[in-house]
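Results of the structural survey
Next come the chains, spelled out residue by residue.
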Amino acid sequence: MLVLFQDVGDLPAVEAGPVPDVIAGLCAIAALAFAVVWWHFLGRKRLIQDLPTSKAKGVALGLNEVIGTAGEANEEVLSPQTSTDCVWWKNEFYLRDDKNGAWKKNKEQVGGALWFSLVDESGSILVRPRKAEVQAPKVYDGPDTDRGVP
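1. What to know about the packing of aromatic side chains
- Taken as a whole, this structure holds 1 aromatic pair when the rule is applied.
- An angle of 55° between the planes, with centres 6.1 Å apart, marks the rings of W38 and W39 as tilted.
- For W38, a relative accessible area of 47% gives the class partly exposed.
- Under the relative-accessibility criterion, W39 is labelled exposed at 58%.
- Directly above the ring of F93 sits K107, whose terminal nitrogen or CZ lies 5.0 Å from the centroid.

Listed below in structure tokens is the structure:
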């Protein structure tokens, strides 16, 4: 005989104890934290994505994206790895984790000029990169590249 429905009135009532309530509360807090972090990064993505590229001649006050080449700087800066002229450099040092063999960033060094000019076809502007977010291509990998260092 196949029973599709059972009368649950005869079953004892099961009350939720403190452990499921704590787990539900922790899950709610984790979900809220994830939503806040997601919203922050989504706003940053939209800000960068919606930022138009300006010419040097038409830059306004505030956040700008300008594409050009580096011109005159307030001081001569040499790359510590290649000893070539530059206006900004960054070194990242990695160590291999003994537990799982993964590479982890150990130290970061950043240096460069206090200011430099950025030149495009319309003119030039003064750039002070102290707190700027620089998106520069990687132009040098040291001798550790042969050993698998990222």
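2. With respect to the pairing of strand β6 (residues 88-96)
- Two strands pair when backbone bridges link them, and β6 and strand β7 (residues 103-112) are joined in this way by 9 bridges, in the antiparallel orientation. In the strand pairing of β7, K90 is matched with V110.
- Taken together, β6 and the strand that follows it, β7, pair antiparallel across an intervening segment of 6 residues, in which G101 is found at a positive phi of about 80°.

3. Section: unusual backbone geometry
- One non-glycine residue, S83, adopts positive backbone phi at about 55°.
- Within the secondary structure, S83 is located in the loop between β4 (77-78) and β5 (85-86).
- We classify S83 as exposed; its relative accessible area is 53%.

4. A few points about the pattern of salt bridges
- In this structure the tally under the stated criterion is 6 salt bridges.
- Where E92 meets K105, a salt bridge forms, and the shortest distance between an N and an O atom there is 3.2 Å. Within this pair, whereas E92 is found in strand β6, its partner K105 is found in strand β7, the two being separated by 13 residues in sequence.
- Its salt-bridge partner being K104, residue D97 comes within 3.6 Å of it at the nearest N-O pair.
- Classification of K104 by relative accessible area gives partly exposed; the value is 47%.

5. A short note on the sheet that holds strand β8 (residues 116-120)
- Reading across the sheet, the 3 strands line up as β3-β8-β9 and stay open at both edges, with antiparallel pairing between neighbours. Each edge of the open sheet carries a strand with a single partner, namely β3 (69-73) and β9 (123-127). Each strand axis lies, on average, 35° off the axis of its neighbour in the sheet, ignoring direction.
- Of the strand pairs in this sheet, β8 and β9 are connected by 5 bridges, and their pairing is antiparallel. Of the residues in β9, the one forming a bridge with V119 is S124.

6. Here we look at the environment of T84
- Within the secondary structure, T84 sits in the loop between β4 and β5.
- Accessibility expressed as a relative area gives 40% for T84, which makes it partly exposed.
- In contact with T84, other than residues within four places in its own chain, are V77, L78 and S79.
- At 2.9 Å, the side chain of T84 and the side chain of T82 are in polar contact.

What counts, and at which threshold
- Residues numbered from 1 in each chain as written.
- Predicted model: local features only at pLDDT ≥ 70, side-chain atom pairs only at ≥ 80, totals over all residues.
- Heavy atoms only, no water.
- Phe/Tyr/Trp six-rings, centres within 6.5 Å; stacked < 30°, edge-to-face > 60°.
- Buried < 20%, exposed > 50% of the residue type's maximum accessible area, 1.4 Å probe, protein only.
- Lys NZ or Arg CZ within 6 Å of the ring centre and 35° of its normal.
- Pairing = 2+ DSSP bridges.
- Helix = DSSP H or I, 4+ residues; strand = E, 2+ residues; numbered from the N terminus.
- Salt bridge = Lys/Arg side-chain N within 4 Å of Asp/Glu carboxyl O.
- Axes fitted to C-alpha atoms, helices over the stretch in contact; angles between N-to-C directions.
- Contact = heavy atoms within 4.5 Å.
- Polar contact = N/O pair within 3.5 Å; in protein donor to acceptor, adjacent residues only side chain to side chain.

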